[in-house]
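Below, each chain spelled out in residue letters.
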Amino acid sequence: DEAIRALARGIDVREGELVADPRELEADVICACPGSWLGPMFGLPLSPRIEQVVYFAGAPETRPSLIDHGAPGRRLHYGLIAPGIGYKVGEDAAQPDRWDPDRDDRPIHQGLVERLVEDVRVKLPGLDPRPVHAEACLYTMSPDGDFILDRIDGVVVFGGDSGHAFKFAPLLGRLIADMAAGRPLPPEADRFRADRLSAASA
């Protein structure tokens with residue numbers, strides 16, 4: 001929450017305003033970053049999904065983040081400190097089915113909670129295996145798990161966050177601003193072009 005407030009400082013934020021098609025707006029430059037609505041808005045093959053995490057007590061706030069790729073056939077697990085809440089643990093892509101982002105509910109899958117509790121009990125000694133809190137949020141997966149940053153129909157678009165865009169928010173914001181201002185992007189940003197997706201899904 002503190003990071004979001006810091007990133008929004010100096011920006012005119014208007015919540016709850018529906019924009020069905022950003023191409024119909026009148027502005028010098030339009031940047032569209034609509035999350036799970038980017039796919040249908042611009043005809044991109046993105047998959048909105050639900051990702052669920054569970055928080056546990058007992059970890060110091062200096063405890064490092066972890067990524068457990070596991071053995072073949074096992075899903076990736078991750079954990080990181082959420083200051084003031086606990087140690088956040090998740091199982092990546094545990095619910096791979098498409099999700100309608102217009103639904104108001106974000107249900108908690110109890111079976112997944114139980115799997116994460118058992119993982120914590122076995123693999124993370126020192127944490128209290130009794131969940132403090134569980135929550136579910138939207139992921140927007142691209143076919144290759146990478147971001148989309150491009151200009152489509154004159155609109156700068158960003159999305160396909162695939163669960164890790166927030167960690168790069170300051171850098172991605174700079175790249176989006178550079179594209180909006182017509183400044184050249186570094187060659188490494190070519191990997192984010194939208195036209196790669198048609199080849200990936202062919």
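Above: the structure in question.
Quick summary incoming for the structure in this document. What you see is a predicted model; the values in this text were computed from it and never measured.

Basis of the calculations
Residues numbered from 1 in each chain as written. Predicted model: local features only at pLDDT ≥ 70, side-chain atom pairs only at ≥ 80, totals over all residues. Heavy atoms only, no water. Core = buried A, V, L, I, M, F, W, Y, C linked by side-chain atoms within 4.5 Å. Buried < 20%, exposed > 50% of the residue type's maximum accessible area, 1.4 Å probe, protein only. Helix = DSSP H or I, 4+ residues; strand = E, 2+ residues; numbered from the N terminus. Contact = heavy atoms within 4.5 Å. Pairing = 2+ DSSP bridges. Axes fitted to C-alpha atoms, helices over the stretch in contact; angles between N-to-C directions.

Examining the nonpolar core
- In this structure, Phe-56, Tyr-87, Val-89, Val-120, Leu-124 and Leu-127 are the most contacted members of the largest nonpolar core, which totals 14 residues.
- Among the elements of the structure, strand S2 (47-56), strand S5 (86-91) and helix H3 (110-123) are those that each provide at least two residues to this core.
- The element best represented in this core is H3, accounting for five residues.
- Ignoring anything within four residues of it in the chain, the contact list for Val-89 reads Val-53, Val-54, Phe-56, Tyr-78, Gly-79, Leu-116, Val-120 and Leu-124.
- Residues Leu-38, Met-41, Phe-42 and Ile-152 belong to the second largest nonpolar core, which totals 13 residues.

Some thoughts on the sheet that holds strand S3 (residues 66-68)
- One open sheet holds the five strands; their spatial order is S3-S4-S5-S2-S6, and the pairing between them is antiparallel. Edge positions in the sheet fall to S3 and strand S6 (131-141), since each has one partner strand and no second. Across the sheet, the axes of successive neighbouring strands diverge by a mean angle of 25°, strand direction being ignored.
- Relative to S5, strand S4 (residues 77-82) runs antiparallel, the two being bridged by six bridges. Of the residues in S5, the one forming a bridge with Ile-81 is Tyr-87.
- Relative to S2, H3 is tilted by about 45°, and along the sheet it contacts S2, S3, S4, S5 and S6.

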